[in-house]
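Summary of structural features
Listed below, chain by chain, are the residues.
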Number of protein chains: 2
Amino acid sequence: MAWKAIGVFDSGVGGLTVLKEIMKVLPQEDTIYLGDTARVPYGTKSPETVVRYSRQITSFLVSRDIKMLVVACNTASAVSLTALKKEFSIPIVGVIEPGARRAAAVTRSGKVGVIGTAGTIKSSAYAKAIKRINPGIEVVTRACPLFVPLAEEGWIDNEIARLTAQTYLKGLKEESVDTLVLGCTHYPILKGIIAEVMGDGVTLVDSAEETAFTVAEILGKKSLLRPTSEKGNHHFFVTDVPAGFIRVGSRFLGERLGDVYQVNLDDEAHEEEQAGEDKQTAP
Amino acid sequence: MAWKAIGVFDSGVGGLTVLKEIMKVLPQEDTIYLGDTARVPYGTKSPETVVRYSRQITSFLVSRDIKMLVVACNTASAVSLTALKKEFSIPIVGVIEPGARRAAAVTRSGKVGVIGTAGTIKSSAYAKAIKRINPGIEVVTRACPLFVPLAEEGWIDNEIARLTAQTYLKGLKEESVDTLVLGCTHYPILKGIIAEVMGDGVTLVDSAEETAFTVAEILGKKSLLRPTSEKGNHHFFVTDVPAGFIRVGSRFLGERLGDVYQVNLDDEAHEEEQAGEDKQTAP
């Protein structure tokens, strides 16, 4: 089983920040990443729809023989993890639990802020996870719908980004949280402006690194780790045409992406053919 | 044939502004609206994917026996109209041609600006349509990706909306356009701030009204109009759960929505069952 790959999925490119940390902690592992770029974003959609998409993607990755699944999307982690664990027998890890664990470990004042998409915040998944670890921690949350389009527009350090961050984070500042969970894989791109608005006393928590440690821990316990002498290969699938993903993805991954294949999840029968036809190589 | 409904589709709620104008011009007509809320937005996706979605939706509406199709989404109009016209035999109208016609009629200086999603602007559909009408008109375009999330956040008259509009519209102002096409169904919601930034001398063109006139003209020519003594019924379908559409939709339509049904376009076989199960009534 150890030879199999680690499956990672996200609604789009954001999950590449999680993949990046996994590649850092476990360079010997193969990975298969799927970005659902034809249906992105998930954060504005209903839990029912996000669960349906997550199931389709997990089926696809499981059919490619993965030994473990990482749900790198905060919204999908928040609403679909229970359903996926019920349906599939491989180990499945989301980004919420690791992020919550880190936040609970980091806070001194016992006041933690969480920002995320509308879907993630509405689910209360972070608040529940943090309180499971330490019921004494007070959790203040805020949905920040404009952060993803701002990050995608590349407006991460101008007056519009600053005013938007001030508007969204005002309540969290007033509540004097000392820890802020960046509960969406796009938000680390806005880290600079968020840190500036929150001020020096506040620690920003990004789930990616902690998630990678969790993956290593689980694979270790199950004796599913590859020997460290190996060097992992990385495959990428997307549901829209690969061009945009390739362009933006290297920024998120911090290195050049390999071949990216397009798959049609609506119509599993054709996917091999599609993948073959629509392969694109990063320049 | 005249008894049949007019089909209208959009990636989400925005197309309801077009439906509203159709209902005003042709109150006797039945309409069937589909909002692809599970896959919204289209403006950031590839032409290939938008064409695939548009085909699925058109098949669905045609199977419900429509006499005419209105593509109320600017992005879908820009990239999929040719493919749809080739495949389906009913009359099909988009919002680009009517908007272009209005802009060409309105401009005095011969300098027209067009704003829209990345997909619409990249297609050059408006520029081509305007130049087909009058090759002497100069067209200046700009994609405004943040306008849709701003409109959906309800930030239509604050400093963030103002700065965003100033940033996006700066080039168009400098080019001294006297007419600006709002090439996305969400943009009329930001009309106030756009008008303020562009200044008094600039006429804003919204395709919705002109599209409704075009629909009336085509149905009239083909003798497909219902007698004006009748009163049309209006049905709504969405691909995500109806709750969000119902909540936001009435703002776009300007009146209470009737029953809204959910359909699963991935899996046409189940749609009737789904529709029956997931019906929700506006409160």
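Cut-off values and rules
- Every chain is numbered independently, its residues counted from 1 as its sequence is written.
- In the order they appear in the text, chains get letters beginning with A and ligands get numbers beginning with 1.
- At least 70 in pLDDT is required for a residue's local features to be given in this predicted model, at least 80 for side-chain atom pairs to be given and counted, and no such filter applies to totals for whole chains, interfaces and linings, which use all residues.
- By convention in this description, side-chain values take in all heavy atoms of the structure and omit both hydrogens and water.
- UniProt positions are given in the numbering used here, feature names are shortened, and annotations may be inferred rather than shown by experiment.
- Only DSSP runs of H or I reaching four residues or more are called helices, and only runs of E reaching two or more are called strands; each is numbered from the N terminus.
- Think of it in three bands: residues with accessible area under 20% of the maximum for their type are buried, residues over 50% are exposed, and the middle band is partly exposed, with areas taken using a 1.4 Å probe on protein chains only.
- Here, two residues are considered to be in contact whenever any of their heavy atoms come within 4.5 Å of each other.
- A least-squares fit on C-alpha atoms brings the copies together, and the residues used are those whose pLDDT is at least 70 in both copies.

A look at the UniProt feature "binding site: substrate" (unreviewed entry) in chain A
Residues and elements named next belong to chain A.
- UniProt marks Asp-10, Ser-11, Tyr-42, Gly-43, Asn-74, Thr-75, Thr-185 and His-186 with the feature "binding site: substrate" (unreviewed entry), using the numbering shown here. These residues run over 177 residues, yet every pair of their C-alpha atoms falls within 12.5 Å of each other.
- Inspection of the secondary structure puts Ser-11 in the loop between β1 (5-10) and α1 (16-25).
- Given the relative accessible area of 10%, Ser-11 is considered buried.
- Every residue in contact with Ser-11, bar those within four places of it in the chain, is listed here: Gly-35, Asp-36, Thr-37, Val-40, Tyr-42 and Cys-73.
- Structurally, Thr-75 can be placed in helix α3 (residues 74-87).
- The residues contacting Thr-75, other than those within four sequence positions of it, are Tyr-42, Gly-43, Val-50, Thr-117, Gly-119 and Thr-120.

A short note on the UniProt feature "active site" (unreviewed entry) in chain A
All names here are of chain A.
- When the UniProt feature table is mapped onto this chain numbering, "active site" (unreviewed entry) sits at Cys-73 and Cys-184. Taken along the chain, the residues just named run across 112 residues; in space they keep tight, none of their C-alpha pairs more than 7.1 Å apart.
- Among the secondary structure elements, Cys-73 is positioned in the loop between β3 (66-71) and α3.
- For Cys-73, the contacting residues outside a window of four places in its chain are Phe-9, Asp-10, Ser-11, Tyr-42 and Val-95.
- Along the chain, Cys-184 turns up in the loop between β7 (179-183) and α9 (191-198).
- Apart from residues lying up to four places away in sequence, Cys-184 is in contact with Asn-74, Ile-115, Gly-116, Thr-117 and Val-148.

Considerations on the relation of the copies chain A and chain B
- Once turned by 180° and shifted 0.0 Å along the axis, chain A lies on chain B with an RMSD of 0.0 Å. Classification of the inter-copy transformation places it as that of a two-fold axis. Minimal C-alpha separation from the rotation axis in chain A is found for Arg-39 of chain A, amounting to 2.4 Å.

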